[in-house]
Amino acid sequence: MLIVVQILLVCAVVLVSLVLMRGGSNARHLAIRRIMLLLFATAAVLSIFFPEVLSTVASWLGIGRGTDLVLYALIVSFLVFMATSYQRHRQTEISLTKLARRIAIDETERPWESPSR
Amino acid sequence: MSRTWVVIPMYNESTVVVDVIRGLLPTFPNVVCIDDGSTDECAQAARDAGAVVVQHPINLGQGAALQTGIEYALQDPGMDSIVTFDADGQHRVEDAREMVERLSSGEADIVLGSRFLDDRTKMGPVKRLVLKTAALQSKLATGMDLTDAHNGLRAISRSVAEDIHLTQNRMAHASELVNQLAVLEHRWVEHPVEIIYTDYSKAKGQSLLNSVNILAELFLR
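Note that the coordinates shown come from a computational prediction; the quantities given were computed from them, not determined experimentally. (Residues numbered from 1 in each chain as written. Chains lettered and ligands numbered in written order. Predicted model: local features only at pLDDT ≥ 70, side-chain atom pairs only at ≥ 80, totals over all residues. Heavy atoms only, no water.)

Along its length, chain B carries nine helices and seven strands. Taken along the three principal axes of its C-alpha coordinates, chain B extends 45 × 40 × 35 Å. Here chain B, with 221 residues, has 55% of them falling under the buried criterion. Contacts in chain B between residues far apart in sequence, at least 24 positions, make up 75% of those at least 6 positions apart. Counting only carbon and sulfur atoms, one obtains 55% of the accessible surface of chain B, whose full area is about 9,400 Å². Taken together, the 20 basic and 30 acidic charged side chains of chain B have centroids lying 4 Å from each other. (Helix = DSSP H or I, 4+ residues; strand = E, 2+ residues; numbered from the N terminus. Buried < 20%, exposed > 50% of the residue type's maximum accessible area, 1.4 Å probe, protein only. Contact = heavy atoms within 4.5 Å. Areas by Shrake-Rupley, 256 points an atom, 1.4 Å probe, with all protein chains shown as cover. Lys, Arg positive; Asp, Glu negative; His and termini not counted. Charge placed at Lys NZ, Arg CZ, Asp CG, Glu CD.)

Shown next, in the form of structure tokens:
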């Protein structure tokens, strides 16, 4: 049973990472991230009032303890965070490159415009 | 009116770039150096040697410098071909001239230099293996049967230059260029060139570990 959960988790990680990496930072992905955050917050609050719920959910999934479930969730969200940060970093870098290139070319002489050269 | 622009990305190359420019000017009067945020005096040195210098305000990487050079040359309405040339003196002007001739004869839209088409270039077995692996990777990824995917000497016609948009700022730009060529279906041909490995170019050149970075940048687009 554990192996099934592990395979599911790995698939979730790969899928979510790919979806968020491919699409860039459009409104749909922002919405997905916010929904995920909302779910996470709700789960966190619930687990404070009903700690045993986590363990129950974990045992449904065949995971030993509630803390293990939290750990898995943490790993998934960390990987998603890494993927989105990388994507955002790339976008910033591309914009910065375009800006720097524009400045560099604009400041350069154009010998073909002055035939005296 | 036909003009060839030689594009030279440079980063802290003041000791060698002057000789490279002087060697090029008799054959190619239009040379543009892209100073990629150098901290030495190579921008002024290149200007004094007779080249046009485009200065990046910050260091962006060789791929970004190449794209800047291409976009600068595209602004010249009289430009009909671009030669990309390395600043460290490892390419021969004679090879570049022959490549532009093949371009203007209408044989192809882009002429790519290859050090594996004849036995002039001397290199170590490990470097040979790495370059061969890179060429094989491009072949598997694009279907283009290149013998040398990471050669900095190329002659590019205007129509191809207009279609090139390099976004890989650092070392993966050579593979990115090949990927874009494969999609565009321009006519390409390889030309035998000699790479002159001086102590300087060996010290500046890509270390073998850097091929790990190239692969990572390609897969994590």
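There is more to say after this.
This part takes up the pattern of salt bridges. All names here are of chain B. Overall, the coordinates contain 17 salt bridges over all chains when judged by the stated rule. Note that D95 and R92 form a salt bridge whose closest N and O atoms lie 3.4 Å from each other. Classification of R92 by relative accessible area gives partly exposed; the value is 27%. Notably, a salt bridge pairs D145 with K139, separated by 3.5 Å at the nearest N-O pair. (Salt bridge = Lys/Arg side-chain N within 4 Å of Asp/Glu carboxyl O.)

This brings us to the confidence of the model for chain A. Counting all residues, the mean pLDDT for chain A is 80, and 88% of those residues have values of 70 or more. Mean pLDDT values for the elements of chain A range from 70 in helix α1 (residues 2-23) of chain A up to 87 in helix α4 (residues 66-106) of chain A. (pLDDT = per-residue confidence, 0-100.)

Turning our eyes to something else, we now look at the nonpolar core. Counting residues in hydrophobic clusters, the biggest one holds 33 residues, and the most contacted among them are B:I8, B:I21, B:L24, B:C33 and B:F85. Sorting the residues of this core by element identifies β1 (3-10), α1 (14-24), β2 (30-35), α2 (42-49) and α4 (93-104) of chain B as the ones contributing at least two each. Contacts of B:C33, omitting those with residues within four sequence positions, involve B:I8, B:M10, B:V17, B:I21, B:A46, B:A51, B:V52, B:V53 and B:V54. Counting residues in hydrophobic clusters, the runner-up holds 29 residues, among them A:W112, B:V32, B:M79 and B:L146. (Core = buried A, V, L, I, M, F, W, Y, C linked by side-chain atoms within 4.5 Å.)

Right, let's get into the environment of A:L96. Assignment of secondary structure puts A:L96 in helix α4. C-alpha of A:L96 to C-alpha of A:V16: the two residues are 80 residues apart in sequence and 27 Å apart in space.

Residue and element names in this part refer to chain B. When you tally the buried positions in strand β5 (residues 110-114), you get five out of five residues, the bulk of the element. The side-chain alternation of β5 yields two buried faces, one formed by I110, L112 and S114 and the other by V111 and G113. As paired strands, β5 and strand β7 (residues 188-192) are joined by five bridges and run parallel to one another. Within β7, the residue paired with G113 across the bridge is H191. (Pairing = 2+ DSSP bridges.)

Turning to the interface of chain A and chain B, a few remarks are in order. The partner chain B presents 26 residues to the 18 residues of chain A that form the contact. Here chain A packs against chain B, burying approximately 2,000 Å² in sum over the two surfaces, 57% of which is carbon and sulfur. The three residues of chain A that bury the most area against chain B are A:R101, A:I105 and A:W112, which together make up 33% of that side's buried surface. If you look at where chain A meets chain B, you find one salt bridge. For B:E71, the salt bridge is made with A:R101, and the minimal N-O distance between the two is 4.0 Å. Taken together, the links from chain A to chain B amount to six residue pairs in polar contact (both at pLDDT 80 or more). (Buried area = accessible area lost by both parts, 1.4 Å probe. Polar contact = N/O pair within 3.5 Å; in protein donor to acceptor, adjacent residues only side chain to side chain.)

Let us now look at the state of the cysteines. The tally for this structure, following the rule as stated, stands at zero disulfides over all chains. Unpaired in this structure, B:C42 has its nearest cysteine sulfur neighbour in B:C33, at a distance of 8.1 Å. (Disulfide = S-S within 2.5 Å.)

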